[in-house]
Amino acid sequence: MKTRILMVCLGNICRSPLAEGILHSKLNSKDFYIDSAGTGGYHIGSAPDSRSVAVANKYTIDISQQRCRKFTPQDFEDFDIIYVMDYSNYQNVVKLADNQAQKNKVKLLLSETSLKEKEVPDPYYDDNGFEYVFELIDNACNVIAQKLTVADHGK
Ligand code: 4NP
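Residues numbered from 1 in each chain as written. Predicted model: local features only at pLDDT ≥ 70, side-chain atom pairs only at ≥ 80, totals over all residues. Heavy atoms only, no water.

*Asks:* Honestly, the site of the ligand in this entry has me stumped. Any pointers?
*Replies:* The immediate surroundings of the ligand are formed by C9, L10, G11, N12, I13, C14, R15, Y42, H43, D122 and Y124. Taking N12, its main chain carries an N or O atom lying 3.2 Å from an oxygen atom of the ligand. A distance of 3.0 Å separates an oxygen atom of the ligand from a polar atom in the backbone of I13. Relative to its unbound accessible area of 350 Å², the ligand is 91% covered by the protein chains. Its residues assigned to classes, the shell around the ligand comprises 6 nonpolar, 3 polar and 2 charged. (Near = heavy atom within 4 Å. Polar contact = N/O pair within 3.5 Å; in protein donor to acceptor, adjacent residues only side chain to side chain. Areas by Shrake-Rupley, 256 points an atom, 1.4 Å probe, with all protein chains shown as cover. Nonpolar A, V, L, I, M, F, W, Y, C, P; charged D, E, K, R; others polar.)

Right, here's the structure in full:
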């Protein structure tokens, strides 16, 4: 059984597609399934924002084939861990949970790091924010991939 990880932001076009692509690049597809979704439904079916595609490309990660979808309560059953980018995403996801076990699956992505930043800022209105967002997410995904790979080998 694969470990299933869902990355969540508001639009599912800027941050969570990057998080999906970055974590996917660090884990093997045989043991891990990574996906992303947004709590808002503004861009369903769209490709990621071109600025996210560009910064990912710079680090040889292709996220251009991803398509935006909305988070649904079924995701609590379909995923083992749900990483959110900011506190607002956290509130939006947790309010859809039915029980504590579902709430316990939801974590702030940067809580995995020792960074002073707690949230991945929304770069949608900031052309210069994408590189910084990439760095924050990459830092967290390094920690996550390390932890999960060690845990997986212990199975
Ligand atoms: P994301 O950024 O949550 O990182 O995908 C956003 C993208 C679009 C919008 C908001 C945030 N929007 O309002 O359309």
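*Asks:* How should the packing of aromatic side chains be read in this particular structure?
*Replies:* Ring pairs (aromatic) are described by centroid distance and by the angle formed between their planes. Scanning the entire structure with this criterion turns up 4 aromatic pairs. Consider the rings of Y33 and F79, whose centres lie 6.0 Å apart with planes at 25°: the pair is stacked. A residue pair is termed long-range when its members are at least 10 positions apart, and Y33 in strand 2 (residues 32-38) and F79 in the loop between helix 3 (74-78) and strand 3 (81-84) qualify at 46 residues. By relative accessible area, which is 40% here, Y33 ends up partly exposed. Relative to Y125, the ring of Y124 lies with its centre 4.9 Å away and its plane at 75°, an arrangement referred to as edge-to-face. For Y124, a relative accessible area of 30% corresponds to the partly exposed category. On the basis of relative accessible area, Y125 is assigned to the exposed category, the value being 76%. (Phe/Tyr/Trp six-rings, centres within 6.5 Å; stacked < 30°, edge-to-face > 60°. Helix = DSSP H or I, 4+ residues; strand = E, 2+ residues; numbered from the N terminus. Buried < 20%, exposed > 50% of the residue type's maximum accessible area, 1.4 Å probe, protein only.)

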